[in-house]
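So the chains spell out like this:
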Amino acid sequence: MTTIDEKLNDIVTKYSIDYKDELVKEAIEHARQEILKTAFERIEKKVSTDANNNIFIDNYVSDSTFSYTVEKTDISLTHYTTSSDTFITEDLNNNITSVVFDYPTGQTIIKMDGAYPQNGYELRLVYYKITDKYQNLMADIKMLETNYIYLYLLELLDKYKLQRGITNPGINSISLEYNKSVITEFKQELINKITTLISKIRPMYIRKININKEY
């Protein structure tokens with residue numbers, strides 16, 4: 001995973017953001033949660049291995065851990081009981097022997113160390129779906145993350161909105177005003193970019209993003 005600290009250093013250096021580190025980290029975490037909800041489609045279904053101990057995914061798997069590469073940790077396989085009075089679950093990711101992502105059709109092949117589910121169990125697969133190979137969408141996903149970060153920061157602290165649209169810097173820093181219309185326009189610009197980016201990653205996206213605060 002690309003850590004929050006690594007992302008913090010990257011975005012602060014690249015975009016010259018002047019916020020407290022704690023606030024930027026909070027914004028990054030928020031942005032990633034929004035991407036999981038809006039840009040990636042969460043798929044959860046019961047599966048079983050074939051005669052060769054393979055499980056097949058018929059569409060593109062996304063990087064849901066934000067390591068900026070698709071790997072085994074981006075899928076989840078859980079074995080759980082169906083007939084016992086005591087509900088038992090077991091993480092089977094360590095029982096994956098190999099994963100091949102991004103066949104030309106989008107197919108992913110998961111090779112297990114045996115046949116699953118076992119008697120009395122069911123096997124649940126969870127992953128996040130996107131519309132193309134992750135490498136083809138990575139630049140858009142990174143930009144989406146950045147735009148969500150900016151939007152979060154603009155909505156959170158009034159004083160930092162002064163970074164855009166200052167109309168009167170005041171005297172001896174006693175008073176400062178900012179152009180509300182410029183801030184609102186900038187927020188709407190971010191929202192429009194976010195919507196466009198999501199439509200490339202998840203074309204069926206219809207959730208509307210609203211400006212919820214008065215600026």
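One can find the structure itself at the top, above this paragraph.
Per chain, residues are indexed from 1 in the order of the written sequence. A pLDDT threshold of at least 70 governs which residues receive local features in this predicted model, and a stricter bar of 80 or more applies before side-chain atom pairs are shown or counted, although totals over entire chains, interfaces and linings include all residues. Neither water nor hydrogens contribute to the side-chain values; these are computed over all heavy atoms in the structure.

Engineer: Pulling in residues and values, what's your account of the overall build of the protein chain?
Structural biologist: In DSSP terms, a helix is any run of H or I states spanning at least four residues, a strand is any run of E spanning at least two, and both are numbered starting from the N terminus. Counting secondary structure elements, the protein chain contains four helices and ten strands. For the protein chain, with 215 residues in total, the buried portion stands at 43%. Under the convention used here, a 1.4 Å probe and the Shrake-Rupley method define accessible areas, while residue burial counts only the protein chains that appear. On the protein chain, roughly 12,100 Å² of surface is accessible, and the fraction owed to carbon and sulfur atoms is 47%. Partly exposed residues are those whose accessible area sits between 20% and 50% of the maximum for their type, while under 20% is buried and over 50% is exposed, using a 1.4 Å probe and protein chains only.

Engineer: Go over the pairing of strand β7 (residues 108–112), please, and point to the residues and values.
Structural biologist: Two faces make up the sheet, and in a regular strand the side chains alternate between them. Within β7, four of the five residues are buried, leaving the element largely enclosed by the surrounding structure. Here a strand pair is declared whenever DSSP counts at least two bridges between the two strands. With four bridges connecting them, strand β2 (residues 54–57) and β7 associate as antiparallel partners. Considered in β7, the bridge of I55 is made with I110.

Engineer: Please give an account of helix α2 (residues 21–38) that cites residues and values.
Structural biologist: Between its terminal C-alpha atoms α2 stretches 25 Å, which fits the 26 Å expected from 18 residues at 1.5 Å a residue. Those residues of α2 that fall on the buried side of the exposure criterion are L23, V24, A27, I28, A31, R32, E34, I35, L36 and T38. Here a helix's expected span is defined as the number of its residues, less one, multiplied by 1.5 Å.

Engineer: Please give an account of the side chain of T38 that cites residues and values.
Structural biologist: Within the secondary structure, T38 sits in helix α2. With a relative accessible area of 1%, T38 lands in the buried category. Counting of polar contacts relies on pairs of N or O atoms within 3.5 Å, with two restrictions inside protein: one atom must be capable of donating a hydrogen and the other of accepting it, and residues adjacent in sequence are counted only when both atoms are side-chain atoms. At 2.7 Å, the side chain of T38 and the backbone oxygen of E34 are in polar contact.

Engineer: Account for the pattern of salt bridges, with residues named and values stated.
Structural biologist: Basic side-chain nitrogens of Lys or Arg form a salt bridge, by our definition, when they fall within 4 Å of a carboxyl oxygen of Asp or Glu. What the rule picks out here adds up to seven salt bridges. Two residues, K46 and E122, come together in a salt bridge whose shortest N-O distance is 3.0 Å. Taken as a pair, K46 in strand β1 (residues 41–47) and E122 in strand β8 (residues 121–130) lie far apart in primary sequence, 76 residues in all. Since its relative accessible area comes to 58%, K46 is described here as exposed. By relative accessible area, E122 is classed as partly exposed at 24%. The salt bridge involving E189 is made with K193; its shortest N-O contact spans 3.5 Å. Here E189 and its partner K193 are both found in helix α4 (residues 180–201), four residues apart, which amounts to about one turn of the helix. Residues participating in the shared-partner salt-bridge network are R42, E44 and R124.

Engineer: Tell me about the environment of H79, and please be specific about residues and values.
Structural biologist: Relative to the elements of secondary structure, H79 occurs in strand β4 (residues 76–81). C-alpha of H79 to C-alpha of D91: the two residues are twelve residues apart in sequence and 6.3 Å apart in space. In contact with H79, other than residues within four places in its own chain, are I88, T89, E90, L92, Y116, P117, Q118, Y121, E122 and L123. There is a polar contact of 3.1 Å between the side chain of H79 and the backbone nitrogen of Q118. Working rule for contacts: check all heavy atoms of both residues, and any pair within 4.5 Å makes them a contact.

Engineer: Break down the sheet that holds β2 for me, with residues and values.
Structural biologist: Strands sit in the order β2-β7-β6 across an open sheet of three strands; the sheet is antiparallel. Only two strands of the sheet have a single neighbouring strand rather than two, namely β2 and β6 (96–100). For this sheet, the mean angle separating the axes of adjacent strands, direction not counted, is 15°. With four bridges connecting them, β6 and β7 associate as antiparallel partners. Residue pairing in the sheet places V100 in a bridge with I109 of β7. The angle between two axes is taken between their N-to-C directions and runs from 0 to 180 degrees, where each axis is a line fitted to C-alpha atoms and a helix contributes only its stretch in contact.

Engineer: Residues and numbers for the environment of Y121, please.
Structural biologist: For Y121, the location among the structural elements is in strand β8. Judged by its relative accessible area of 23%, Y121 is partly exposed. Along the sequence, Y121 and T81 sit 40 residues apart, while their C-alpha atoms lie 4.3 Å from each other. Beyond its immediate chain neighbours, meaning those up to four positions away, Y121 contacts H79, Y80, T81, T82 and I88.

Engineer: Can you lay out the packing of α2 against helix α3 (residues 134–156) for me, pointing to particular residues and giving the numbers?
Structural biologist: Running from N to C, α2 and α3 cross one another at 125°; their axes reach a closest spacing of 8 Å. Considered as vectors, α2 and α3 are oriented oblique to each other. In the crossing of α2 with α3, the sense of the turn from one axis to the other is right-handed. Side by side, α2 and α3 meet where L23, E26, A27, I28, H30, A31, R32, E34, I35 and T38 of the first sit next to I141, L144, E145, Y148, I149, Y152, L153 and L156 of the second. Among the residues forming the contact of α2 with α3, the class breakdown is twelve nonpolar, two polar and four charged. Oblique is the label for any angle not under 35 degrees, not over 145, and not in the 65 to 115 range, which are roughly parallel, roughly antiparallel and roughly perpendicular in turn. Handedness of a helix crossing follows the sense of rotation of the near helix relative to the far helix, less than a right angle counterclockwise being left-handed and clockwise being right-handed. Just so you know the grouping, Ala, Val, Leu, Ile, Met, Phe, Trp, Tyr, Cys and Pro go in nonpolar, Asp, Glu, Lys and Arg go in charged, and all remaining residues, Gly too, go in polar.

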